[in-house]
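Tertiary structure, described
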Amino acid sequence: GNTSQGGQSAPAGPADSPFVRACRRLPVPYTPVWFMRQAGRSLPEYRELRAGVAMLESCRRPELVREITLQPVRRHGVDAAVLFSDIVVPVAVAGVDLEIVPGTGPVVAQPVRDAADVDRIRPITADDLSFVDEAVRMLVADLGDTPLIGFAGAPFTLASYLIEGGPSRTHAKTKALMYGAPEVWHALCGRLAEITGEFLRVQVDAGASAVQLFDSWAGALSEADYRRFVLPHSAKVLAGLADTDIPRIHFGVGTAELLGAMGEAGADVVGVDWRTPLDAATVRIGPDKAIQGNLDPCVLFAPWPVIEAEVRRILAEGASAPGHVFNLGHGVLPETDPEVLTRVVALVHEASAR
Ligand code: CP3
């Protein structure tokens, strides 16, 4: 209800949750926390549900998506759910023949080499993503005041998978195409920006409370190349939601030199990996954006007193930002003990309570 008691109003749904408020740089009762890859192999209940169902197939089953998305919320008491899907889901819908191979990641049957390969990637519409719409609507109803985060892959990270054919350490083929055939590069990223933008739009229209644009591998580029070859395309994706008041988080790994530019691309929140302390990151990003991060996922394998000290350090460094969402610096590793994650959530809440 909307009744006020003693000046304290009752929670007004996910838009007034600590997570969304922190993204908007508004006062919060405690620092909100969620984990990238919180839904996944660290949870035995996830492994059980996924048994015998391929990753991409599981993303197309709304009831399965619903249950897998809710599992970490129930177990850990995190401040946000993140839709169970994958960055390559809309690319598969666009006709690219790909698979998500366990232990490897996305593998593309016919990697993109030239303009004809780009032309074969079809534009998509909301109708092609009705399974996403259905899952998000059910989840928003289930979650009540807990926000649901939607997400998509940014053009550079998606282009890298499409050009390399799979994961790559150097991104050599990607950069060869970027430098050697810039018209093909820009055509590919333009098409990917439309596809991934449609994926975000469907999630937002179905009720997601925030979105995260994952440019996981953008840290492979210099700032100058990032600004020239990538930023305009990511900016287009983020600008596609400028007519909404949905907070936009922009995240990559190894992006210390890119944090300012990634904010300029149109983010409300910039995600930071574990390499840059949050107080230093805040200086680079500027005072008009919130930050998210940045516990090293490997610290979760350390003894508890080490974890506790790291969590407290990050909360102290994050306090210099105008808004802080606690998270890891990258996704939860499959070997992580889920009980440690639950304990981290409780510690973040207790240690940051105002
Ligand atoms: O964060 C969440 O809990 C939401 C779900 C989510 C998944 N993938 C589920 C998933 C999100 C946000 C992603 C994004 C994603 N996918 C990214 C960006 C984030 C990042 O990690 O940098 C990237 C690069 C991908 C591509 C991808 N998909 C990789 C590298 C892998 C791991 C392959 C492996 O087996 O190690 C996947 C598969 C994947 N996506 C899994 C999950 C839960 C594992 C599938 C399984 O359980 O077998």
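Residues numbered from 1 in each chain as written. Predicted model: local features only at pLDDT ≥ 70, side-chain atom pairs only at ≥ 80, totals over all residues.

**Remarks on the packing of helix α14 (residues 304–318) against helix α15 (residues 338–352)**
- It is at 10 Å that the axes of α14 and α15 come closest, and there the two elements cross at 40 degrees. By the angle between their axes, α14 is oblique relative to α15. Pair α14 / α15 crosses with right-handed handedness. Side by side, α14 and α15 meet where I307, E308, V311, R312 and L315 of the first sit next to V340, V344, L347, V348, A351 and S352 of the second. (Axes fitted to C-alpha atoms, helices over the stretch in contact; angles between N-to-C directions. Helix = DSSP H or I, 4+ residues; strand = E, 2+ residues; numbered from the N terminus. Parallel < 35°, antiparallel > 145°, perpendicular 65-115°, else oblique. Left-handed = near helix turned anticlockwise from the far one by under 90°. Contact = placed C-beta atoms within 7 Å.)

**Here's the deal with the site of the ligand**
- In the neighbourhood of the ligand, 24 residues make up the surrounding shell, with A39, G40, G105, F214 and S216 lying closest.
- Of the residues in the shell around the ligand, the class split is 11 nonpolar, nine polar and four charged. (Near = placed C-beta within 6 Å. Nonpolar A, V, L, I, M, F, W, Y, C, P; charged D, E, K, R; others polar.)

**Brief notes about the environment of H330**
- Structurally, the position occupied by H330 is in the loop between β11 (324–328) and α15.
- C-alpha separation for the pair H330 and F251, spaced 79 residues apart in sequence, amounts to 9.1 Å.
- Every residue in contact with H330, bar those within four places of it in the chain, is listed here: M36, V253, D273 and P297.

**Things to note about the UniProt feature "binding site: substrate" (unreviewed entry) in the protein**
- In the numbering used here, UniProt assigns the "binding site: substrate" (unreviewed entry) feature to R37, Q38, A39, G40, R41, D86, Y161, S216 and H330. In summary, the annotated positions, distributed over 294 residues, remain apart in three dimensions as well, the widest C-alpha pair reaching 22.7 Å.
- When you line up the elements, A39 lands in the loop between α1 (18–23) and α2 (44–50).
- Take A39: there are 23 C-beta atoms within 10 Å of it, and that puts it in the buried class.
- Other than its neighbours up to four places away in sequence, A39 contacts Y46, I68, T69, Q71, P72, V82 and F84.
- Here S216 is to be found in the loop between β7 (210–214) and α11 (223–239).
- Judged by the 23 C-beta atoms lying within 10 Å of it, S216 is buried.
- With residues up to four places along the chain from it excluded, the contact list for S216 reads T157, G252 and V253. (UniProt positions renumbered as here; feature names shortened; annotations may be inferred. Buried ≥ 20, exposed ≤ 12 C-beta atoms within 10 Å, placed from the backbone.)

**Overview of the UniProt feature "domain: Uroporphyrinogen decarboxylase (URO-D)" (unreviewed entry) in the protein**
- As recorded in UniProt, the feature "domain: Uroporphyrinogen decarboxylase (URO-D)" (unreviewed entry) lies at residues 32–41 and 149–165.
- With 59% helix and 29% strand, residues 149–165 has its two end C-alpha atoms placed 28 Å apart.

**Comments concerning the sheet that holds strand β8 (residues 248–251)**
- Strand order across the open sheet formed by seven strands is β3-β6-β7-β8-β9-β10-β11, with parallel pairing between neighbours. The outermost strands of the open sheet, each flanked by one partner alone, are β3 (81–82) and β11.
- Relative to strand β6 (residues 148–153), β3 runs parallel, the two sharing two bridges. Looking across to β6, one finds that V82 is bridged to I149.
- Here helix α10 (residues 182–205) sits on the sheet in contact with β6 and β7, set at roughly 170 degrees to β6. (Pairing = 2+ DSSP bridges.)

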